[in-house]
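Here's the letter readout for the chains.
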Amino acid sequence: MSAVCRSVRAVTPRIVKTVDEMLGLSARYSLERGITGFVPTMGSLHEGHLSLVRAAGELCDRVVVSIFVNPGQFAPGEDLDAYPRDFDRDLELLTELGVNYVFAPSPEQMYQWGYQTWIEVEGLSQLLCGKSRPTHFRGVCTVVAKLLNIVAPSLMFMGEKDFQQIVVLRRLIEDLNFRTRIIRCPIVREEDGLAMSSRNQRLDPEERARALCLRQALQMAQTAFENGMANPARLRNIMSEHVRNCGGRVDYFEFVDPASLQGVEHLEPGTRALGAVFVGKIRLIDNLEIQ
Ligand code: PAF
C-alpha cells in the first residue's frame, strides 16, 4: 500500500451523529481514490490519541475519528458513568489537526432497540485484562466491528498501551475478513513516565504520584532481566511487592509471547511484560517489550 503524505490543515471536521449519515459518507468516499484512516476513541482526548491522529494524517488522505464511550465494554459497577467526557475540547483538538470527520453517535444509534448481537474472540479475550474484566473484550470487539463496517477504513490506528486490545482486534479482523489493517503506534507517556490515559485525570494528586509504581515495576523487570533474572514468578513477586509498598493493588503482572499472549516460562528479548494495578479506585494498565 502506498503511503500518501497529507499536509495538516485546520478545517472544522464534519460532525456525524447518526449511523446512516456515516454509512452514506463512507459509501461515497470508498468510491473515491485514497486511503481512509480511522482512529476509534472514547473521547477525552490526550496526547496519546493525538499521536494516532497525526500518524493517520501522515499516511492517509482522509481521517475519521470516532468518539463513543461504549457502554458495551463496561461491566455493571465499572466506571462508565464516571468516564471523563469533554466533547467541545475534543473537537477543538481535532480541528487543529485537520481531521475530516468526527463520528460521535449516541448509545441509541449504536445499539438500537432490540440489539442482540455480540462478537467474542474466544481465548485471547479471557487472558490478562479479560480475567478481571470477563465481558470487556466482547464489548470492544462488537463496537469495533460495527465501527469498521460503518466507517470502512483502510487503516485503523491504535496505541500500544492497550496491547491486548490490539492482539484481540487483529484476530477479529483476520477471522472475520475485515479489509482494515491495524497500524500499531507506540505508547505516549507523561514526562515522568506514566502512560497517558483518559483515566489519569481521575487520579487525585496523591494517587497520581503513586500511579508511577506500575511503570516502575515494569522497568524493574527489565533491569532484573538485564541482570540475569528470567523467571516470571520471581519477577512477579518483586514487582508486586513494589506496587504494594507504593500503596497500589496488583490486578496482574504477566510475561507473554506478544502474538499469542500465552505466558512464557522464561523471559527473552521480545517477551511482553504487561501489568494492571489499582491506585485508589482507578485501574491503570501499562506494558513494555523486554529487551
Ligand atoms: O481503546 C479504546 O478507547 C476503546 O476500547 C475503543 C477501541 C475506542 C473501543 O471502544
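Residues numbered from 1 in each chain as written. Predicted model: local features only at pLDDT ≥ 70, side-chain atom pairs only at ≥ 80, totals over all residues. Heavy atoms only, no water.

Caption draft 1: Spotlight on unusual backbone geometry. Of note, the phi angle at S44 is positive, near 50°, even though the residue is not glycine. Residue placement: S44 occurs in the loop between β2 (36-41) and α2 (47-59). Overall, the relative accessible area of 4% leaves S44 in the buried class. Here L128, not a glycine, exhibits a phi torsion of approximately 50°, which is positive. With respect to the helices and strands, L128 occurs in the loop between α4 (107-110) and α5 (129-132). (Helix = DSSP H or I, 4+ residues; strand = E, 2+ residues; numbered from the N terminus. Buried < 20%, exposed > 50% of the residue type's maximum accessible area, 1.4 Å probe, protein only.)

Caption draft 2: Region of the structure containing the sheet that holds strand β4 (residues 101-103). Overall, parallel pairing links the six strands, which are arranged β1-β4-β3-β2-β5-β6 in an open sheet. Looking along the sheet, the strands with just one partner apiece sit at the ends: β1 (14-16) and β6 (181-185). On average, adjacent strands in this sheet sit at an angle of 25° to one another, irrespective of strand direction. Where β1 meets β4, three bridges bridge the pair, whose relative direction is parallel. From the neighbouring strand, V16 faces β4, where its bridge partner is F103. α2 contacts β2, β3 (62-67), β5 (155-159) and β6 of the sheet and is inclined by roughly 150° relative to β5. Where helix α3 (residues 87-96) meets the sheet, its contacts fall on β1, β3 and β4, and the angle it forms with β3 comes to roughly 170°. (Pairing = 2+ DSSP bridges. Axes fitted to C-alpha atoms, helices over the stretch in contact; angles between N-to-C directions. Contact = heavy atoms within 4.5 Å.)

Caption draft 3: Spatial organisation of the site of the ligand. In the vicinity of the ligand, the contacting residues are P40, T41, M42, N70, Q73, V140, V143, M158 and Q165. Here an oxygen atom of the ligand and a side-chain polar atom of Q73 are 2.6 Å apart. Taking Q165, its side chain carries an N or O atom lying 2.7 Å from an oxygen atom of the ligand. If you list the elements that add at least two residues to the shell around the ligand, you get β2 and α6 (136-151). In terms of residue class, the shell around the ligand is built from five nonpolar, four polar and no charged. (Near = heavy atom within 4 Å. Polar contact = N/O pair within 3.5 Å; in protein donor to acceptor, adjacent residues only side chain to side chain. Nonpolar A, V, L, I, M, F, W, Y, C, P; charged D, E, K, R; others polar.)

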